[in-house]
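Read off the chains here:
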Amino acid sequence: MTDTPPSGRTKPSMADVAAHAGVALGTVSNTLNNPEKVREATRRRVLSSIAELGFVRNDAARSLAAGNSTSVGLVLADLGNSFFVDIARGAERALRRHKMDVLIVNSDVDPDREIHNLELLDRSRVAGIILAPLDTALAKSPHPANRTTPTVLANFESPSLAYPGVIVDERHGGALAASHLIALGRRRLLFVGGPRFLTAVNQRWEGAEQATAAHPDASIDILETRGVNIRHGRDAGRQILERGAGTYDAIVAASDLVAIGLIQILNEVPGFSVPGDIAITGYDNNHFASESAIPISTVSQPGEEMGAVAADLLLERIANPGAPSRSVTLEPRLLPRTSTLGEMWRRD
């Protein structure tokens, strides 16, 4: 067994490892790819040589040579939103069972960065891509970026079903929130969120509006915002106070972040309280929703389940690229907390 790799090499090769360990090249390959075929003592010797030489195999080159890959790209719209973190967790868990690795890239709510991320993964020759996209023309296009890498959409449905996808029934989620408030005796509802051209926001509004229409003694208005972050909720809170703090007795917020911003402003009014004077629901069940000063009643999206389903759809597409695309719809659920129930709700 030699002590050093051949001179002149800056990066040791598999041949160097084989020479160092005193085994055949195929034994090194089996140690890396099919360890069950190698005797334990031999496997340990090869691994020791790998560690001593600092050998790192080039998975990209290996995949290109073999015409396949064991890596899947996951493009997320915003890792600052824990919902997308849940999608990643579910997808990674499902793909790990198939011995596949996940490369996660964050678009950070930037359309140009999203396109760059997709192009980067295409060049990396990943086996497939799970795209949780921004609500842009790219996602709505019948053929996003005219790409050939097997692709599945998560949290968005391709209008032409050009790609398989998994979504949540957003209209049902909006209806759950409004129905919950009405069941608590609230009758003057306000939907806060926007902009309306965002598919999810508009569908949540439609669901809330339809649920309210089923109760002739209840009404719902809409206050459209420029986004669904805390600052947009705070701006909306100030507008509500300009209309009069008692104008509404319930709010369906389009996101947990909007609900947080609303509560920050409305709770500053002397003698006015959430939920005593106005009950508020959020949406998404972000990880902080149950831990805020006033725990937020929210509509929970099954993020981990969505990621797992997207992974299964992608594996189907990789195995059979010509199969018809199908869309899977998951159901949200309501999680009532203090922002609507008050003292009736207690933390576990």
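This text follows the structure it describes.
Residues numbered from 1 in each chain as written. Predicted model: local features only at pLDDT ≥ 70, side-chain atom pairs only at ≥ 80, totals over all residues. Heavy atoms only, no water.

A. Structural context of the packing of helix H5 (residues 82-96) against helix H12 (residues 303-319). Look at H5 against H12: their axes get within 6 Å of each other, and the N-to-C directions meet at 45°. When the axis of H5 is compared with that of H12, the two are oblique. In the crossing of H5 with H12, the sense of the turn from one axis to the other is right-handed. Seen from H5, the contacting residues are Phe83, Asp86, Ile87, Arg89, Gly90, Ala91, Arg93, Ala94 and Leu95; seen from H12, they are Gly303, Glu304, Met306, Gly307, Ala308, Ala311 and Leu315. For the contact of H5 with H12, the class distribution of residues is nine nonpolar, three polar and four charged. (Axes fitted to C-alpha atoms, helices over the stretch in contact; angles between N-to-C directions. Helix = DSSP H or I, 4+ residues; strand = E, 2+ residues; numbered from the N terminus. Parallel < 35°, antiparallel > 145°, perpendicular 65-115°, else oblique. Left-handed = near helix turned anticlockwise from the far one by under 90°. Contact = heavy atoms within 4.5 Å. Nonpolar A, V, L, I, M, F, W, Y, C, P; charged D, E, K, R; others polar.)

B. Just the sheet that holds strand S11 (residues 327-330), in detail. Here six strands make up an open sheet; going across it, the order is S2-S1-S3-S4-S5-S11 and the pairing parallel. A strand with exactly one partner marks an edge of an open sheet, and here the two such strands are strand S2 (101-106) and S11. Between one strand axis and the next, the sheet turns by 15° as a mean value, whatever way the strands run. Bridging between strand S1 (residues 71-76) and S2 involves six bridges; their strand directions are parallel. Bridging across to S2, Gly73 finds its partner in Leu103. This element, H5, spans S1, S2, strand S3 (128-132) and strand S4 (151-154) of the sheet and lies at about 170° to S1. (Pairing = 2+ DSSP bridges.)

C. Molecular detail of helix H8 (residues 170-183). Taking 1.5 Å as the rise per residue, H8 with 14 residues should run 20 Å; its terminal C-alpha atoms sit 20 Å apart, in good agreement. The complete set of buried residues in H8 reads Glu170, Gly173, Gly174, Ala175, Ala177, Ala178, His180, Leu181 and Ile182. You can read the cap of H8 off the contacts: a side-chain oxygen lies 3.4 Å from the backbone nitrogen of Arg171, and it is on Asp169. Backbone geometry just downstream of H8 places Gly185 in the positive-phi region, at approximately 95°. (Expected span 1.5 Å × (residues − 1). Buried < 20%, exposed > 50% of the residue type's maximum accessible area, 1.4 Å probe, protein only. Polar contact = N/O pair within 3.5 Å; in protein donor to acceptor, adjacent residues only side chain to side chain.)

D. Focus on the pattern of salt bridges. Counted according to the given criterion, the structure contains 14 salt bridges. A salt bridge links Asp284 to Arg204; the nearest nitrogen and oxygen atoms lie 3.6 Å apart. Highlighted residues: Asp284 in strand S9 (residues 279-284) and Arg204 in helix H9 (residues 199-213), separated in sequence by 80 residues. One exposure class covers both Asp284 and Arg204, and it is buried. Here Asp235 and Arg238 are joined by a salt bridge, their closest N and O atoms 3.0 Å apart. You can see Asp235 and its partner Arg238 sitting in helix H10 (residues 230-243), three residues apart, about one turn around the helix. Residue Arg238 is classed as partly exposed on the basis of its relative accessible area, which comes to 38%. (Salt bridge = Lys/Arg side-chain N within 4 Å of Asp/Glu carboxyl O.)

E. Quick peek at the packing of H8 against H9. Contact pair H8 / H9: the axes reach a minimum separation of 6 Å and the direction vectors enclose 40°. Put simply, H8 runs oblique to H9. Viewed along their axes, H8 and H9 form a crossing whose handedness is right-handed. Residues Glu170, Arg171, Gly174, Ala175, Ala178, Ser179 and Ile182 of H8 touch H9, and the partners they reach there are Ala200, Gln203, Arg204, Glu206, Gly207, Ala208, Ala211 and Thr212.

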